[in-house]
Amino acid sequence: MQKRNIKPVRFLAEVGILVAVFTVVQYLITTGLLNQYYQINLTSMCINIILAVSLNLINGFTGQLSLGHAGFMAVGAYVSAVLTMNMGMPFLVSCLAACLAAGLAGFLIGVPTLRLKGDYLAIATLGFGEIIRVVLQNIEYVGGPAGILGIPKLTTWPWLFGATLVTILVVVNLVNSSYGRAIVSVREDEIASELMGINTTRYKVLAFVVGALFAGLAGALYAHYFYVIKPETFNFLKSFDILVMVVLGGLGSTTGAVIAAIFITVLTAVLQSFPAVRMMLYALILIIVMIYRPQGLMGNRELGRKTLGRLWGEKRGPAEH
Amino acid sequence: MKNVALLNIENLHKSFGGLSAVLDFNFHLEPQELVGLIGPNGAGKTTVFNLITGVYRPDQGSIVFDESPITGLHPYDICKKGIARTFQNIRLFKDLTVLDNVRIALHKDVPYRMSTAIFRLPAFFRGEKEITRAAMQYLEIFHLDSKCDELACNLPYGEQRRLEIARAMATHPRLLILDEPAAGMNPIETRELMGLIRGIRDEFDLSILLIEHDMSLVMGVCERIYVLDYGQVIAEGLPEEIRNNKRVIEAYLGEEVG
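Residues numbered from 1 in each chain as written. Chains lettered and ligands numbered in written order. Predicted model: local features only at pLDDT ≥ 70, side-chain atom pairs only at ≥ 80, totals over all residues.

(A) Layout of the interface of chain A and chain B. Every contact between the two is made by 24 residues of chain A and, on the other side, 30 residues of chain B. Of all the elements in the fold, those that place two or more residues in the side of chain A that touches chain B are helix 6 (157-175), helix 7 (178-188) and helix 8 (190-195) of chain A. No other element matches helix 7 of chain A, which puts seven residues into the side of chain A that touches chain B. Grouping the amino acids of the side of chain A that touches chain B by side-chain chemistry returns 12 nonpolar, eight polar and four charged. (Contact = placed C-beta atoms within 7 Å. Helix = DSSP H or I, 4+ residues; strand = E, 2+ residues; numbered from the N terminus. Nonpolar A, V, L, I, M, F, W, Y, C, P; charged D, E, K, R; others polar.)

Here's what the structure looks like:
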């Protein structure tokens, strides 16, 4: 009964915090207190959050190891860039088209590959991601290996904030519903899930499409901030980068994905001037986390409300795989 | 007589490579009936269950459930037609809560659309409440309601078995298939289980088909028994008849030395 009274208050508080964060950052940008350097990193951070949260839906919640996320990001980046530059579409239309195109690509790739499991699926998605990149490299219309230059800078803080928020909300709301439970049951035990009346193929494809869709959105935001897109940007190392965030944050934890995305972005920025050290430290941190926290920073828990106090709490029974 | 059978299986064949796991299997089960399937290890009992529930596709033969053929359908479609099962080696959603295990079984009749969930419309909250209420009802029947927030993997063995039955029941089946429900249970737990099985059958108006090695359970609850050996039915009948059947005794203990 007490809970019921807290609910609207908590909701308002959450909205308040979001509005405050948005306004403060917006203020810092307009007054020039947040210089170019910080703005670039802020943009990367938001894009990484979108990528990590959406990949986590596929890898973490559905348990399907996908290594082709950069490919979907590329589809979104290219489609949106072509639409704004060659067809004069407004940014919103470009973004939506990027989502649709990437989602469609996710569907086309997901239907045949999601019959595979584990390592085989990983290799197939890796291959498809590379195929997308190589195809783009060979289309003259989008500049071949040189890519597209001179994309207008339309990605502003409100866009980034809105896109990140929408991504997180959609994934969280989807996961915390009966559909989300069906998705998680596929990860837990595919056979039992089928025998409980769940069309597992359908939910795997669903997660794959939704994940790809938001990767496309991240691609559109990326293209309209960094002026230039090249096929090489979206190679499998990029997919791997996103995967690292998801694994670091904890497979199946959205808050974990967000935290890891922020952490990795900051780490990359801090170590920018020491490229050699950067990769070593990067590897070292990963190894340390995997030794002391093999389930990722957050395991499959969420941060907030209930679990806040138990973040580093007791181990969760014999759940080690 | 055929038209009243809830489940009717004719000439079912399944082989793996050169090995015939199930050979010319014929079987029928009436509504409300409690039937046992027994046989020595490796006789093909679980294979029969896997064929009925669509995990395997039969090489030959027909399976008709409630007058509609289900041969070769996907497991989830067979579940929707009203067949639910448990597993010999427990297959719960281990890292999820007891409540979620049952709620997943209720997903096939989810009362709201996915878009409703994403936009968190009122119908979503109503639907979730309804699903949770229904799930708690099943948990109460199986005395697991106090453990609804525990992870399934943290339950003791006997309760995991019970949760599996609760989860299967949540798909509201008309035929419940239990694969060695008493495996690993002590005699007291087994006796409780017998009561539970009879109770389910009477209360929910369904048929039960079970595999079991514990003869006290099989003889105690089953109204009719099929005996399988080397993929073939070697005997069928009332528990009394099976107990004294010469072929059955041979299959279990070996032939008498002449």
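(B) Molecular detail of the domain arrangement of chain A. What the domain assignment reports for chain A is domain 1 (1-34) and domain 2 (47-236). Each of domain 1 of chain A and domain 2 of chain A has a C-alpha centre, and the two are 28 Å apart. (Domains from an automatic or database assignment.)

(C) Structural view of the sheet that holds strand 1 (residues 7-16) of chain B. All names here are of chain B. Taken together, four strands build an open sheet; the order of strands is 2-1-4-5 and the sheet is antiparallel. Each edge of the open sheet carries a strand with a single partner, namely strand 2 (19-29) and strand 5 (68-69). For strand 1 and strand 2, the ladder comprises seven bridges, and the chain directions are antiparallel. If you follow L12 over to strand 2, its bridge partner there is F25. Contacts between helix 1 (residues 45-52) and the sheet are confined to strand 1, strand 2 and strand 4 (60-65), with strand 2 contributing the most and set at about 65° to the helix. (Pairing = 2+ DSSP bridges. Axes fitted to C-alpha atoms, helices over the stretch in contact; angles between N-to-C directions.)

(D) Representation of unusual backbone geometry. Of note, the phi angle at Y227 of chain A is positive, near 75°, even though the residue is not glycine. One can find Y227 of chain A in the loop between helix 9 (200-223) and helix 10 (236-249). A positive phi angle, near 70°, is found at E67 of chain B, a position not held by glycine. Structurally, E67 of chain B is set in the loop between strand 4 and strand 5.

(E) Main features of the domain arrangement of chain B. Here chain B is described as being made up of domain 1 (1-83 + 234-258) and domain 2 (86-172). Centre-to-centre, using C-alpha coordinates, domain 1 of chain B lies 29 Å away from domain 2 of chain B.

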